[in-house]
Amino acid sequence: MIALGLALLRAAGLVTGGIAGVALLVSYLVPLPTGVLFTIINIPFFFFAKKAMGSRFMWRTIAVNAGIALFSSIARYGMRVVDVHPAFAAIAGGTVIGMGILALARHDAGVGGTGVVTLWLQRTRGWNAGRTQIAIDIGILLISFSVVAPTQVAWSALSAAAISGILIAWHRPGRYTGY
C-alpha cells in the first residue's frame, strides 16, 4: 500500500511528510526508486527503533522497508502512471499510505523514520506525537519549496493531511491487545 501511494505521489511530482516526503524529495534529484531511497534514509532510524521500541519492532520495520523497496522497484515495471491529477494523487496516495501505516501500527511494526522519533518523544518527554509529526511534516514541506513548484507543495500538504487524517480517525492504541 505504501509503495502504491508513493508511486501516485511521485507520478504527480508531489512530496509528503515524514521519511516518505524526504524520499520523494530526494527522488527528484537522484535516479533511484523512491522506495529504495525510503529504505536507505531509514537505516539510522532502524537502530533508533531498537532503542526506542525494542528489537521485535525494529526487525519488523526492517522487513517492511525491504518490502517497500522491493515493491517500489518492481512497480516501475508493473505499472506506469502516466497522467494523474495532483489532487487525486494527494488524496488517494496520502490515504493509501496512511492505511498502510495504520495496518503496520496494528501489527507492532512501522515504517520507521519520524514516526519512531515522535513516539519516543511522546513516551520520554510527554510531547504529543501527532503535533510533533505535524511540525516535522511542515519542516519537510518548507524544504521542498527548494525542489518542487509552490503549487506542488500545496498539493503535497494535502497528501500529508490525508495520511494524518487516516491515522487520527482510525488509530486506537491498544485496539488489538485485549484492552
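As shown above, the structure is provided for reference.
Here's what I pulled together on the structure shown here. The shown structure was predicted, so the numbers you read here are calculated from the model rather than taken from an experiment. Throughout, a residue's number is its position along its own chain's written sequence, starting from 1. Residue-level local features of this predicted model are given only where pLDDT is at least 70; pairs of side-chain atoms are given and counted only at 80 or more, and the full residue set underlies all totals for whole chains, interfaces and linings. The side-chain values count all of the structure's non-hydrogen atoms but skip hydrogen atoms and water molecules.

### Observations regarding the side chain of serine 156
To keep it simple, the criterion reads: Helix and strand assignments follow DSSP, with helices taken as H or I runs no shorter than four residues and strands as E runs no shorter than two, numbered in order from the N terminus. Identification of polar contacts relies on pairs of N or O atoms within 3.5 Å, with a donor-acceptor requirement for protein atoms, meaning one able to donate a hydrogen and the other able to accept it, and with residues adjacent in sequence counted only if both atoms are side-chain atoms.
Inspection of the secondary structure assignment puts serine 156 in helix 8 (residues 150–170). Separated by 2.8 Å, the side chain of serine 156 and the backbone nitrogen of valine 15 make a polar contact.

### Focus: the packing of helix 2 (residues 18–27) against helix 7 (residues 129–144)
As a reminder, the rule being used: Geometry is summarised by axes, namely lines fitted to C-alpha atoms with helices restricted to the contacting stretch, and by angles between N-to-C directions that run from 0 to 180 degrees. We call two directions roughly parallel when the angle between them is under 35 degrees, roughly antiparallel when it is over 145, roughly perpendicular when it lies between 65 and 115, and oblique otherwise. Residues count as neighbours in contact if any of their non-hydrogen atoms are within 4.5 Å of one another. Nonpolar residues are Ala, Val, Leu, Ile, Met, Phe, Trp, Tyr, Cys and Pro. Charged residues are Asp, Glu, Lys and Arg, and all others, Gly as well, are polar.
Orientation of helix 2 relative to helix 7, taken along the N-to-C sense of each, is 10°, at an axis distance of 9 Å. Put simply, helix 2 runs roughly parallel to helix 7. Along its contact with helix 2, which presents Gly18, Gly21, Val22 and Leu25, the element helix 7 presents Gln133, Asp137, Ile140, Ile143 and Ser144. Classifying every residue of the contact of helix 2 with helix 7 by side-chain character gives 4 nonpolar, 4 polar and 1 charged.

### Focus: the nonpolar core
What counts here: Side-chain atoms within 4.5 Å link the members of a nonpolar core, which is a set of buried Ala, Val, Leu, Ile, Met, Phe, Trp, Tyr and Cys residues. Buried, partly exposed and exposed residues are distinguished by accessible area as a fraction of the type maximum, computed with a 1.4 Å probe on protein chains only: under 20%, between the cut-offs, and over 50%, respectively.
Ranked by size, the top nonpolar core spans 23 residues in total, and within it Leu6, Phe38, Ile68 and Val111 carry the most contacts. Broken down by secondary-structure element, the contributors of at least two residues to this core are helix 1 (2–11), helix 2, helix 3 (34–53), helix 4 (55–78) and helix 5 (86–105). Among the elements that line this core, the one with the most residues is helix 5, at 5 residues. When sequence neighbours within four positions are dropped, the list of residues in contact with leucine 6 reads Ala20, Leu24, Thr34, Ile68 and Ile97.

### Brief notes about the packing of aromatic side chains
The line we're drawing: The pairing test for Phe, Tyr and Trp rings, Trp by its six-membered ring, is centres within 6.5 Å, and the orientation test on the planes gives stacked under 30 degrees, edge-to-face over 60, and tilted for anything in between.
Evaluated as defined, the whole model comprises 1 aromatic pair. Ring centres of phenylalanine 48 and tryptophan 120 lie 5.2 Å apart, and the angle between their planes is 80°; on these two criteria the pair is classed as edge-to-face. Separated by 72 residues along the polypeptide, phenylalanine 48 in helix 3 and tryptophan 120 in helix 6 (residues 114–125) bring together distant segments of the chain. A relative accessible area of 22% places phenylalanine 48 in the partly exposed class.

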